Amino acid sequence: MLAVSDYHVAYGQSEVIHNMNFELKKNEIVAVVGRNGMGKSTLMKSLIGVIPGKSGKVLLDGRDISGLKSFQRVESGLAYVPQGRMIFSTMTVKENIETGLTTVKEKKIPENLYEMFPVLKEMKSRRGGNLSGGQQQQLAIARALASQPDVLLLDEPTEGIQPSIIREMAQTLKTIRDQIGLSIMVSEQVLSFALDIADRILVIEKGEIVHNALRESVDEKKIAAYLSV
Ligand SMILES: Nc1ncnc2c1ncn2[C@@H]1O[C@H](COP(=O)(O)OP(=O)(O)O)[C@@H](O)[C@H]1O
Ligand SMILES: [Mg+2]
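No experiment lies behind these values; they were computed from the predicted model shown. The numbering scheme is per chain: residues are counted from 1 as the chain's sequence reads. Naming scheme: in the order in which they are written, chains are lettered from A and ligands are numbered from 1. Whole-chain, interface and lining totals are the exception, using all residues; otherwise, since this is a predicted model, local features are given only for residues with pLDDT of at least 70 and side-chain atom pairs are given and counted only at 80 or more. Side-chain calculation: all heavy atoms of the structure are included, whereas hydrogens and water are not.

Trainee: Explain the coordination of the magnesium ion (ligand 2) here, please?
Mentor: By definition of the ideal shapes, a tetrahedral metal site with four donors has angles of 109.5 degrees and an octahedral site with six donors has angles of 90 or 180 degrees. The donor set covers N, O and S atoms within 2.8 Å of the metal, switching to 3.2 Å for Na, K and Ca, and it leaves out water, so a site may look short of donors. Looking at the metal site, the magnesium ion (ligand 2) is ligated by Ser-41 (OG) and Gln-83 (OE1), spaced 2.1 to 2.2 Å from it. Taken together, the positions of Ser-41 in helix H1 (residues 40–48) and Gln-83 in the loop between strand E6 (78–81) and helix H3 (93–98) put the pair 42 residues apart, joining distant regions of the chain. Relative accessibility under 20% of the residue-type maximum defines a buried residue, over 50% an exposed one, and the middle range a partly exposed one, all with a 1.4 Å probe and only protein chains included. Take Ser-41: its relative accessible area is 17%, and that puts it in the buried class. Of the residues examined, Gln-83 reaches a relative accessible area of 23% and is grouped as partly exposed. Each helix corresponds to a stretch of at least 4 residues labelled H or I by DSSP, and each strand to a stretch of at least 2 residues labelled E; elements are numbered beginning at the N terminus.

Trainee: Sorry if this is basic, but what is going on with the site of ligand 1 here?
Mentor: Inspection of the region around ligand 1 gives Tyr-11, Val-16, Arg-35, Asn-36, Gly-37, Met-38, Gly-39, Lys-40, Ser-41 and Thr-42 as its neighbouring residues. In protein, a polar contact requires one atom able to donate a hydrogen and another able to accept it; more generally it is a pair of N or O atoms within 3.5 Å, and residues adjacent in sequence count only if both atoms are side-chain atoms. With respect to ligand 1, the side chain of Tyr-11 contributes an N or O atom lying 3.3 Å from a nitrogen atom. For every accessible area listed, the method is Shrake-Rupley and the probe measures 1.4 Å; residues are considered covered only by the protein chains on display. Out of a free accessible area of 560 Å², ligand 1 has 56% covered by protein chains. Take the shell around ligand 1: its biggest share by element is 3 residues, from H1. Grouping the constituent residues of the shell around ligand 1 by class yields 3 nonpolar, 5 polar and 2 charged. We call a residue near a molecule or strand as soon as one heavy atom of that residue lies within 4 Å of the molecule or strand. Charged residues are taken to be Asp, Glu, Lys and Arg, nonpolar residues to be Ala, Val, Leu, Ile, Met, Phe, Trp, Tyr, Cys and Pro, and polar residues to be all remaining types, Gly included.

Trainee: Is there a simple way to explain the sheet that holds strand E7 (residues 151–155) in this structure?
Mentor: Strand pairing in a sheet relies on backbone hydrogen bonds, with the paired strands running either antiparallel or parallel. DSSP bridges decide pairing: two strands pair if at least two such bridges lie between them. Here we have 6 strands laid out as an open sheet, ordered E6-E7-E8-E3-E9-E10, and mixed in their pairing. Strand pairing shows two members of the sheet lacking a second neighbour, E6 and strand E10 (208–214), which therefore form its edges. Taking each pair of neighbouring strands and ignoring which way they run, the sheet shows an average axis angle of 15°. Note: E7 against strand E8 (residues 183–188), 5 bridges, orientation parallel. Looking across to E8, one finds that Val-151 is bridged to Ser-183. Any two residues whose heavy atoms approach within 4.5 Å are treated as being in contact. Angles here are taken between N-to-C directions and fall from 0 to 180 degrees, while the axes themselves are lines fitted to C-alpha atoms, restricted in helices to the stretch in contact. Contacting E6 and E7, helix H6 (residues 133–145) runs over the sheet at an angle of about 165° to E6.

Trainee: Would you explain the pattern of salt bridges in this entry?
Mentor: It is possible for side chains bearing opposite charge to pair when their charged atoms get close. Any carboxyl oxygen of Asp or Glu that lies within 4 Å of a side-chain nitrogen of Lys or Arg is treated as forming a salt bridge with it. Under the counting rule described, the total for this entry stands at 7 salt bridges. Of the charged contacts in the structure, one is a salt bridge between Arg-35 and Glu-205, with a shortest N-O distance of 3.0 Å. You can see Arg-35 sitting in the loop between strand E3 (29–33) and H1 and its partner Glu-205 sitting in strand E9 (residues 200–205), a full 170 residues away along the chain. Members of the salt-bridge network, linked through shared partners, are Arg-177, Asp-178 and Asp-199.

Trainee: It is not clear to me how the sheet that holds strand E4 (residues 55–60) should be interpreted in this structure. Could you clarify?
Mentor: Ordered by their spatial adjacency, 4 strands build an open sheet running E2-E1-E4-E5, and the pairing between neighbours is antiparallel. The open sheet has two free edges, formed respectively by strand E2 (14–24) and strand E5 (63–64), since each of these has just one partner strand. Here 5 bridges tie strand E1 (residues 2–11) to E4, and the two strands are oriented antiparallel to one another. Residue Ala-3 lies in a different strand from E4, and its bridge partner there is Leu-59.

Trainee: So what exactly am I meant to see when it comes to the packing of H6 against helix H7 (residues 163–180) here?
Mentor: Two quantities define a packed helix pair, namely the angle between the helix axes and the distance between the axes. Where H6 contacts H7, the axes come no closer than 11 Å and their chain directions differ by 20°. Taken together, the axis directions place H6 and H7 in an arrangement best described as roughly parallel. Where H6 crosses over H7, the two elements pack in a sense that is right-handed. Two secondary-structure elements touch here, H6 through Gly-134, Gln-137, Ile-141 and Leu-145 and H7 through Ile-165, Met-169, Leu-173, Ile-176 and Ile-180. An angle below 35 degrees is treated as roughly parallel, one above 145 as roughly antiparallel, one from 65 to 115 as roughly perpendicular, and anything else as oblique. Take the far helix as your reference; a near helix turned counterclockwise from it by less than a right angle gives a left-handed crossing, and one turned clockwise gives a right-handed crossing.

Trainee: Before we go on, may I ask you to explain the nonpolar core in this structure?
Mentor: Soluble globular proteins tend to pack their nonpolar side chains together in the buried interior. Residues grouped as a nonpolar core are buried Ala, Val, Leu, Ile, Met, Phe, Trp, Tyr and Cys residues, joined through side-chain atoms within 4.5 Å. Counting 49 residues, the largest nonpolar core has Ile-97, Leu-120, Leu-145 and Leu-152 as its most contacted members. Of the residues forming this core, the biggest block, 6 residues, is contributed by H6. Listed in part, the 29 residues of the second largest apolar core include Leu-68, Val-74, Leu-78 and Val-151.

Trainee: Would you take a moment to explain the environment of Ser-217 for this structure?
Mentor: Within the secondary structure, Ser-217 sits in the loop between E10 and helix H9 (220–227). Between the alpha carbons of Ser-217 and Arg-200 there is a distance of 9.2 Å; along the sequence they are 17 residues apart.

Trainee: Can you help me understand unusual backbone geometry in this one?
Mentor: With glycine set apart, most residues show a phi of negative sign, and most peptide bonds adopt trans. The residue Asn-27 is not glycine, and still its phi comes out positive at about 65°. If you trace the backbone, Asn-27 turns up in the loop between E2 and E3. Here Asn-27 falls in the partly exposed class, since its relative accessible area comes to 35%. Phi angles above zero are rare outside glycine, and Arg-85 is one such case at about 70°. With respect to the helices, strands and loops of the structure, Arg-85 is situated in the loop between E6 and H3. Take Arg-85: its relative accessible area is 11%, and that puts it in the buried class.

This is the structure:
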């Protein structure tokens, strides 16, 4: 679904993502794990087009999207949940979700969205700012799914969320993947969540993928070593 090749991203003269190559298959969940400052958010932001890529190719279902603007990438089937969630705290839950519809033809929230997140249905009229961290993360994911994407990019969804809710989130995301046939790329520092959710784990170090392993054959100690300071 998503194929990234010879990909470089820079802030001015300072290159942060170097010669990256990886693929995300249909219905696959890939976790990109790495410590703070390794380039996870830069990679995600460049894939959604918030910051430009410097060189290389990004194919979404075979189509090169690397020259497209963010809204065009969303129209093409890519969706993004930023680190820190960035929901609109004074807007209601429903209004927050509706902002996810702005770049697609659909003007109504898809029926199945509230089925995926029953708590959001209950809280439809509440202000986003009054939700718990875990609920806000569900809201941010629901907003991204409103455009009915093929590929979801999730940047550190577990940040600031308590462990019991983190486990629930992994379960919810896998269920959604199965229900709607979604491919998910998630960045993480919490290894237990990555192991819970991912079919494949990529380790990012200083803007390069240094390890790429299927979940079932993963060497947990090795990955934990990359994540420890
Ligand atoms: N706007 C920016 N301008 C210049 N450098 C940046 C900017 N944002 C991030 N960086 C640098 O890029 C590197 C990767 O950061 P980031 O992608 O946020 O990592 P992560 O998400 O893995 O914590 C860091 O060295 C960081 O200082
Ligand atoms: Mg980050």
